[in-house]
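Structural characterization, general
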Amino acid sequence: MGGFFGGLLRALGIGALVAGGLAVAVVALAVIVLLGPLIFWLAWNVLDFAHAVGLPELGFWGIVLATAFLVVGWFGKVVITGIVFLIDPSWFHGSAQVRWPEPTLRNFVAVALLALLASRPHAHAHDRRRRAMH
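Please read all numbers here as calculations on a predicted model, not as lab measurements.

Some thoughts on the packing of aromatic side chains
Tallied over the full model, the rule gives 3 aromatic pairs. The interplanar angle of 65 degrees and the centroid separation of 6.0 Å between the aromatic rings of Trp44 and Phe49 together place this pair among those described as edge-to-face. Overall, the relative accessible area of 11% leaves Trp44 in the buried class. Taken together, the ring pairs connect Phe40, Trp44 and Phe49 into an aromatic cluster.

Listed below in C-alpha cells is the structure:
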C-alpha cells in the first residue's frame, strides 16, 4: 500500500507542478495582453494626451489596434494598416492638425507610458542571437 500511495502522491505532485506552471503562464499572458491596452488607454484618454497633440480620443478597438501597432514589428504594422484600410478606407483621407504637446508633467508621463509600450523587450533578444552566431 505504501508503494502505491507514494507513487500516487508523486504522480499528483508532478501534475500539480505542471498545472501550476500552466496557470502562471496563462495569467502572465492575460496580464500582458490586457496591460498593454490599459497603459495605452491611460496615456491617451485618461491623461488626455490625445487632446494635447490635437487628436481625438480612441474607442476600444482603436486602443487595441494602436497598442498592437506600437508593440509589433514591421510586418505586424503592415498587417494592421491593411486591416484598417480594408475595414474603413475613408480613414486614410482624414486630416488632423497635430501639434507639439505642452511641456507638462501629465504629458511627460503619457509619453513615457507610450514609449514603454513601444520599447519591446524582445527587440533586444535579436541582438543577443546575432552576437551568439558570430
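Here we look at the nonpolar core
Membership of the largest hydrophobic core comes to 15 residues, with the highest contact counts inside it found for Phe40, Ala43, Trp44, Phe49, Ala110, Leu113 and Leu114. Only α1 (2-46), α2 (49-53), α3 (60-71) and α5 (105-118) provide two or more residues apiece to this core. Apart from residues lying up to four places away in sequence, Phe40 is in contact with Asn45, Leu58, Ile63, Ala66, Thr67, Leu70, Leu114 and Leu117.

Basis of the calculations
- Residues numbered from 1 in each chain as written.
- Predicted model: local features only at pLDDT ≥ 70, side-chain atom pairs only at ≥ 80, totals over all residues.
- Heavy atoms only, no water.
- Phe/Tyr/Trp six-rings, centres within 6.5 Å; stacked < 30°, edge-to-face > 60°.
- Buried < 20%, exposed > 50% of the residue type's maximum accessible area, 1.4 Å probe, protein only.
- Core = buried A, V, L, I, M, F, W, Y, C linked by side-chain atoms within 4.5 Å.
- Helix = DSSP H or I, 4+ residues; strand = E, 2+ residues; numbered from the N terminus.
- Contact = heavy atoms within 4.5 Å.

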